[in-house]
Amino acid sequence: MPTRTPTPWRTVLPAALLSLLTLLGTGLPVRAAEPYAGPLFDAHLHYNDEAWMGPHDLTDVLGRLQRAGVRGAVANSRPNDGTRTLAGPQAAAAGVAVVPFVRLYRHRADYQNWFRDESIYTMVEQELATGTRSGPYRGLGEFHLYESDNANGPIARRLMQLAEARNLVVLAHVDDRAIELLMAHAPRTRLVWAHTGIGGVAIERVHTLLERFPTLMGELSYRPGLTGGDGRLSPEWRVLLTAQPERFLIGSDTWINPRWSAYEALMAEARQWLGDLPPQAARRIAWDNAAGLFALPQPSPVPTPPSAAAPEQAAPGARHPR
């Protein structure tokens, strides 16, 4: 069978959108958009031990989610105790649907070696068998691969196959080549690409991978080039997100405590650039895609937050440990 050559992404976009890109590139003024005001689903949230054992207890975190209008979230933590803490009745009472994932890290040393460590696979099986107070785990990750070839490690391969067999979603912080290697192990796995390429993968390459792998979705925290210095969507990302809104999710990536301290501001930034999209596209990326991925009902009215503290300003972006 001949190899299919992916269609260049610009050739599949509607002419009207390409015209919009041209207009934006001219420097002509564009009317400032109102921020998106609907529900948010945070598809990349960590509740690590330094947060829940430190300044951000459960009441603090749930209050931040409520004030930010976040009605659902993927929760994963290092170790998994934080996820089990968040995935309980308090979150449900606060109007937040928590979707728990098994993270592969018991401690920071696991970042570098999990893909070949048999004890990681055993730990994942034990967590899946135990579940959480809110129900079973729904996915695996976030995990990191700092070298693409490690996607072929024996535990990486087995975990991808486990996810496919059990219909679990995978959240992976990897480069574009590792996406190809991981999907080769389990082509039907639903894989969320953390940051949609934190190294700044070319947008044409992003489109090619989305076309090649129908179960791949992009999560947009920390994505280089997504917005400009004014917080508005860049022209090329506005075109891609308008054309393929069903393939993207938002996230906060609270991997360090300063990200929790700035949580409401981070979500306000997401609302600002979502407002640059057509309303239906914004709603899909903000909520509907995750609701479909995890079979969530429409959110109910928001309960009153535990406190009305004003949101703090977003901290400058920090790099992940590499």
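Residue numbers here run from 1 along each chain, matching the order of that chain's written sequence. With the structure being a predicted model, the display of local features is reserved for residues of pLDDT at least 70 and the display and counting of side-chain atom pairs for 80 or more, all residues being used for whole-chain, interface and lining totals. Just so you know, side-chain values use all the structure's heavy atoms and leave hydrogens and water out.

1. Some points on the overall build of the protein
At step 1: Strands are runs of DSSP state E lasting at least two residues, helices are runs of H or I lasting at least four, and both sets are numbered from the N terminus onward. What the protein contains, in helices and strands, is 14 helices and eight strands.
At step 2: Note on classification: 1.4 Å probe, protein chains only; a residue is buried when its accessible area is under 20% of the maximum for its type, exposed when over 50%, partly exposed between these limits. Across the 322 residues of the protein, 55% fall into the buried class.
At step 3: Long-range pairs, those at least 24 residues apart, make up 78% of the contacts in the protein between residues at least 6 apart in sequence.
At step 4: For accessible areas, the Shrake-Rupley method is used with a probe of radius 1.4 Å. Any residue's cover is judged against the shown protein chains and nothing else. Summed over all atoms, the accessible surface of the protein reaches about 13,600 Å², with 55% contributed by carbon and sulfur. Throughout, a residue-residue contact means that at least one pair of heavy atoms, one from each residue, lies within 4.5 Å.

2. Thoughts on the environment of Gly292
At step 1: Its location among the elements puts Gly292 in helix 14 (residues 279-293).
At step 2: Separated by 46 residues in sequence, Gly292 and Glu246 place their C-alpha atoms 10.0 Å apart.

3. What about empty space enclosed by the protein?
At step 1: For each structure, a 1 Å grid was placed over the protein atoms alone; sets of points admitting a 1.4 Å probe that cannot get out are labelled cavities, open sets with protein on both sides within 12 Å along at least five of seven lines are labelled pockets, and lining residues have an atom within 4 Å of a point. Grid points are joined across faces, edges and corners, and a volume is the space filled by probe spheres set on the points. On inspection of all chains with the given rule, the structure shows two cavities of 30 Å³ or more.
At step 2: In this model, the second largest cavity occupies a volume close to 30 Å³.
At step 3: Ala43, Val74, Phe101, Leu171, Val192, Leu249, Leu293 and Phe294 are the residues that line the second largest cavity.
At step 4: Three categories are distinguished: nonpolar for Ala, Val, Leu, Ile, Met, Phe, Trp, Tyr, Cys and Pro, charged for Asp, Glu, Lys and Arg, and polar for the others, with Gly belonging to the last. Here the lining of the second largest cavity is composed, by residue class, of eight nonpolar, no polar and no charged.

4. Remarks on the nonpolar core
At step 1: To define a nonpolar core, start from buried Ala, Val, Leu, Ile, Met, Phe, Trp, Tyr and Cys residues and group those joined through side-chain atoms within 4.5 Å. Counting residues in hydrophobic clusters, the biggest one holds 98 residues, and the most contacted among them are Trp114, Phe143, Leu191, Leu241, Trp273, Leu274 and Phe294.
At step 2: Here this core takes eight residues from helix 14, the largest share from any one element.
At step 3: In contact with Phe143, not counting residues within four places along its chain, are Leu104, Tyr105, Trp114, Val170, Leu171, Ala172, His173, Val174 and Leu182.

5. Re the packing of helix 9 (residues 176-185) against helix 10 (residues 203-212)
Each packed pair of helices is defined by two parameters, the angle between the axes and the distance between the axes.
At step 1: Under this scheme, a helix contributes an axis fitted over its contacting stretch, all axes are lines through C-alpha atoms, and angles between N-to-C directions fall in the 0 to 180 degree range. It is the contact of helix 9 with helix 10, at a shortest axis distance of 11 Å, that shows an interaxial angle of 10°. It follows from the interaxial angle that helix 9 and helix 10 lie roughly parallel. The residues of helix 10 that touch helix 9, namely those facing Asp176, Arg177, Ile179 and Glu180, are Arg205, Leu209 and Arg212.
At step 2: Partitioning the contact of helix 9 with helix 10 into residue classes produces two nonpolar, no polar and five charged. Roughly parallel means an angle under 35 degrees; roughly antiparallel means over 145; roughly perpendicular covers 65 to 115; every other angle is labelled oblique.

6. Re the sheet that holds strand 7 (residues 216-219)
What links the strands of a sheet is backbone hydrogen bonding, and the strands pair in either a parallel or an antiparallel sense.
At step 1: In this description, strands pair whenever DSSP reports at least two bridges between them. The strand order across the open sheet formed by eight strands is 1-2-3-4-5-6-7-8, and the pairing between neighbours is parallel. In this open sheet, the two strands that pair with only one neighbour each are strand 1 (40-46) and strand 8 (248-249).
At step 2: The sheet contact formed by strand 2 (residues 70-76) and strand 3 (residues 97-102) spans four bridges and is parallel. Bridged to Val74 within strand 3 is Val99.
At step 3: Its contacts with the sheet place helix 9 against strand 4 (139-144), strand 5 (169-173), strand 6 (190-193) and strand 7, and it is angled at close to 170° to strand 6.

7. Let's talk about the confidence of the model for the protein
At step 1: Each residue carries a pLDDT value, the predictor's own confidence for that position, ranging from 0 to 100. Per-residue pLDDT for the protein has a mean of 89; in total, 84% of the residues score no lower than 70.
At step 2: Taken element by element, the predicted model of the protein shows its lowest mean pLDDT in helix 2 (residues 15-25) (45) and its highest in strand 8 (99).
At step 3: Note that pLDDT drops below 50 for residues 14-30; the model gives that stretch 15 contacts with residues more than four away or on any other chain.
At step 4: Note that pLDDT drops below 50 for residues 306-319; the model gives that stretch 26 contacts with residues more than four away or on any other chain.

8. A few points about helix 7 (residues 118-130)
At step 1: Taking 1.5 Å of rise per residue, 13 residues should cover 18 Å, and helix 7 covers 19 Å from first to last C-alpha, within 8% of that figure.
At step 2: Residues Ile120, Tyr121, Met123, Val124, Glu127 and Leu128 constitute the buried set of helix 7. Within helix 7, the buried residues cover an arc of 160° as seen down the axis, which keeps them to one side. Across from the buried face of helix 7, at angles greater than 90 degrees, the exposed residues are Gln126, Ala129 and Thr130. The span one expects for a helix is its residue count, reduced by one, times 1.5 Å. The directions considered for the arc are those from the helix axis to the C-beta atoms.

9. Focus: helix 13 (residues 263-274)
At step 1: With twelve residues, helix 13 ought to run about 16 Å at 1.5 Å a step, and its terminal C-alpha atoms sit 17 Å apart, in line with that.
At step 2: Taken as a whole, helix 13 has its buried residues at Tyr263, Glu264, Ala265, Leu266, Met267, Ala270, Arg271, Trp273 and Leu274.
At step 3: Summarising the contacts, the buried residues of helix 13 are in contact with strand 1, helix 4 (58-67), strand 2, helix 11 (235-243), helix 12 (257-261) and helix 14.

10. Section: the packing of aromatic side chains
At step 1: Stacked, edge-to-face and tilted labels apply to pairs of Phe, Tyr and Trp rings (six-membered ring for Trp) whose centres lie within 6.5 Å, assigned for plane angles under 30 degrees, over 60, and everything in between, in that order. Applying the stated criterion across every chain yields a total of nine aromatic pairs.
At step 2: Taking the centre distance of 6.0 Å and the plane angle of 80° together, the rings of Trp237 and Phe248 count as edge-to-face. Placement of the pair is Trp237 in helix 11 and Phe248 in strand 8, with a sequence separation of eleven residues.
At step 3: According to the relative accessible area criterion, Phe248 is buried, its value standing at 0%.
At step 4: Here the aromatic residues Phe41, Phe101, Trp287 and Phe294 are joined through ring pairs into a cluster of three or more.
At step 5: Here, a charge over a ring means that NZ of Lys or CZ of Arg falls within 6 Å of the ring centre while also lying within 35 degrees of the ring normal. Its end group placed over the ring of Tyr121, Arg158 keeps NZ or CZ at 3.9 Å from the ring centre.

11. Regarding the side chain of Gln244
At step 1: Position of Gln244 among the secondary structure elements: in the loop between helix 11 and strand 8.
At step 2: Beyond its immediate stretch of four places on either side in the chain, Gln244 contacts His207 and Leu210.

12. Structural notes on the environment of Glu50
At step 1: Secondary-structure assignment places Glu50 in helix 3 (residues 49-52).
At step 2: Each C-alpha atom, one on Glu50 and one on Ile256, is 8.0 Å from the other, the two residues being 206 residues apart in sequence.
At step 3: Apart from the residues lying within four places of it in its own chain, the contact partners of Glu50 are Pro55, Arg78, Arg108, Trp255 and Asn257.
At step 4: Polar contacts, as counted here, are pairs of nitrogen or oxygen atoms within 3.5 Å of one another; within protein the pair requires one atom able to donate a hydrogen and one able to accept it, and residues that are adjacent in sequence qualify only if both atoms are side-chain atoms. Here the side chain of Glu50 touches Arg78 through a polar contact of 3.0 Å, side chain to side chain.

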